[in-house]
Amino acid sequence: MCIALIGGMDRLGKHYMEEAERAGMTLQFFSTSETNIAAKLKKADAMVIFTNKVSHRVKIEAMQVAKANNIPVLMEHACGVCTFRNCLQCLARNCQ
């Protein structure tokens, strides 16, 4: 399963990756706005958006991609590793 993480802190990127690997998932991490992010998000099986660390424009664009491609989205205000771990656990439970 491929998870797209939108938002979060650059310094925690390594820890986000480790948590995804531990959960048996691959991670695409977008901490800043990127060109053509919509095309990259279409490949994800699920999205996690940390709303306190992402611009409104990127959040809206991600939600449009998710809606158009039936991709489940979890939105959290906090952007810590524990929050991300809880999101991964929630996604794992819902996908089984």
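Identification of the chain as DUF2325 domain-containing protein from Geomonas diazotrophica is taken from an unreviewed UniProt entry. Of the comments in the UniProt record for the chain, the one headed Sequence similarities (unreviewed entry) reads "Belongs to the UPF0751 family."

Caption draft 1: Main features of the pattern of salt bridges. Within the structure shown, the criterion is met by three salt bridges. Notably, a salt bridge pairs Glu19 with Arg22, separated by 2.6 Å at the nearest N-O pair. Here Glu19 and its partner Arg22 are both found in helix α1 (residues 13–22), three residues apart, which amounts to about one turn of the helix. What makes Glu19 buried here is its relative accessible area of 8%. A salt bridge links Arg85 to Glu19; the shortest N-O distance between them is 3.0 Å. Pair noted here: Arg85 is in helix α4 (residues 81–94) and Glu19 is in helix α1, with a separation of 66 residues, a long-range link. Owing to a relative accessible area of 30%, Arg85 belongs among the partly exposed residues under this scheme.

Caption draft 2: Representation of the side chain of Glu19. Of the polar contacts made by the side chain of Glu19, one reaches the side chain of Arg22; its length is 2.6 Å. With residues near it in sequence (within four places) discarded, Glu19 still touches Val81, Phe84, Arg85 and Leu88.

Caption draft 3: Fine view of unusual backbone geometry. Unlike most non-glycine residues, Asn36 shows phi in positive territory, near 55 degrees. Inspection of the secondary structure assignment puts Asn36 in the loop between β2 (26–30) and α2 (37–41). The exposure class of Asn36 is exposed, given its relative accessible area of 54%. Despite not being glycine, Asn70 has its phi angle at roughly 55 degrees, a positive value. Among the structural elements, Asn70 can be located in the loop between α3 (56–69) and β4 (73–76).

Caption draft 4: Examining the packing of aromatic side chains more closely. For the structure on display, the rule yields four aromatic pairs. With a centroid separation of 5.5 Å and an interplanar angle of 65 degrees, the aromatic rings of Tyr16 and Phe84 are classed as edge-to-face. Of this pair, Tyr16 sits in helix α1 while Phe84 sits in helix α4, and the two are 68 residues apart along the sequence. The exposure class assigned to Tyr16 is buried, which follows from its relative accessible area of 0%. Taken together, the ring pairs connect Tyr16, Phe29, Phe50 and Phe84 into an aromatic cluster.

Definitions and limits used
- Residues numbered from 1 in each chain as written.
- Predicted model: local features only at pLDDT ≥ 70, side-chain atom pairs only at ≥ 80, totals over all residues.
- Heavy atoms only, no water.
- UniProt positions renumbered as here; feature names shortened; annotations may be inferred.
- Salt bridge = Lys/Arg side-chain N within 4 Å of Asp/Glu carboxyl O.
- Helix = DSSP H or I, 4+ residues; strand = E, 2+ residues; numbered from the N terminus.
- Buried < 20%, exposed > 50% of the residue type's maximum accessible area, 1.4 Å probe, protein only.
- Polar contact = N/O pair within 3.5 Å; in protein donor to acceptor, adjacent residues only side chain to side chain.
- Contact = heavy atoms within 4.5 Å.
- Phe/Tyr/Trp six-rings, centres within 6.5 Å; stacked < 30°, edge-to-face > 60°.

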